[in-house]
Amino acid sequence: MADLYAVDLAFDLLDDTPEAVLAHVRRQLTGDGLLAARGPAARVAGMLVGDLGRRPDGSWALTARQEVHEEQLPDLEDLLLLLARHIRPPGPVGRIRHYEHEAPDLLVLREGRVVQLSLDPR
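Residues numbered from 1 in each chain as written. Predicted model: local features only at pLDDT ≥ 70, side-chain atom pairs only at ≥ 80, totals over all residues. Heavy atoms only, no water.

Glancing now at the nonpolar core. Within the largest apolar cluster, 27 residues are counted, with the highest numbers of intra-cluster contacts made by Leu9, Phe11, Leu13, Leu52 and Leu83. Ignoring anything within four residues of it in the chain, the contact list for Leu83 reads Phe11, Leu13, Val21, Val25 and Leu62. Of all hydrophobic cores here, the second largest spans six residues; its members include Leu4, Ala6, Val44 and Tyr99. (Core = buried A, V, L, I, M, F, W, Y, C linked by side-chain atoms within 4.5 Å. Buried < 20%, exposed > 50% of the residue type's maximum accessible area, 1.4 Å probe, protein only. Contact = heavy atoms within 4.5 Å.)

Moving on to the pairing of strand β3 (residues 47–54). Across two bridges, strand β2 (residues 39–40) lies against β3 in antiparallel orientation. Paired with Gly39 across the two strands is Leu48, which belongs to β3. Hairpin geometry of β2 and β3 is characterised by an intervening segment of six residues between the two adjacent antiparallel strands and by a positive phi of about 70° at Ala45. With six bridges joining them, β3 and strand β4 (residues 60–69) adopt antiparallel strand pairing. (Pairing = 2+ DSSP bridges. Helix = DSSP H or I, 4+ residues; strand = E, 2+ residues; numbered from the N terminus.)

Judged by how many residues are buried, strand β6 (residues 92–98) sits mostly within the fold: five of seven residues are covered. Relative to β6, strand β1 (residues 4–13) is paired through five bridges, and the arrangement is antiparallel. Bridging across to β6, Asp8 finds its partner in Arg95. Note: β6 against strand β7 (residues 105–110), four bridges, orientation antiparallel. In the strand pairing of β7, Arg95 is matched with Leu106.

Let us now look at the pattern of salt bridges. The tally for this structure, following the rule as stated, stands at seven salt bridges. Notably, a salt bridge pairs Arg26 with Glu19, separated by 2.8 Å at the nearest N-O pair. Among the charged side chains, a network of salt bridges with common partners joins Asp12, Arg55, Asp57 and Arg88. (Salt bridge = Lys/Arg side-chain N within 4 Å of Asp/Glu carboxyl O.)

Structural data, given as structure tokens:
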């Protein structure tokens, strides 16, 4: 059994997000970065995407849908920890779902950290 997760991220970064942080995000979106895969997903269905764009108000919009192996979850946590202080406004930032599960867990910004909240009624 593969330990793959569907990870969906969608949030805005503040307009004063340091260039070093934005450069790190850009690296993650290209080459062999954590958010770089494009095209059909192998196991989680749908397409893999990732993009960072400037909004008219100067903030940054990040959207990504990726298939992440369990071994990459610490890297994802590190990335979200780096971005947490720059995310606007606090609240939901995405979701994560093991490819065999029906219900995703919600990723929420709370007190400067991204926490995982289970939506599974069990």
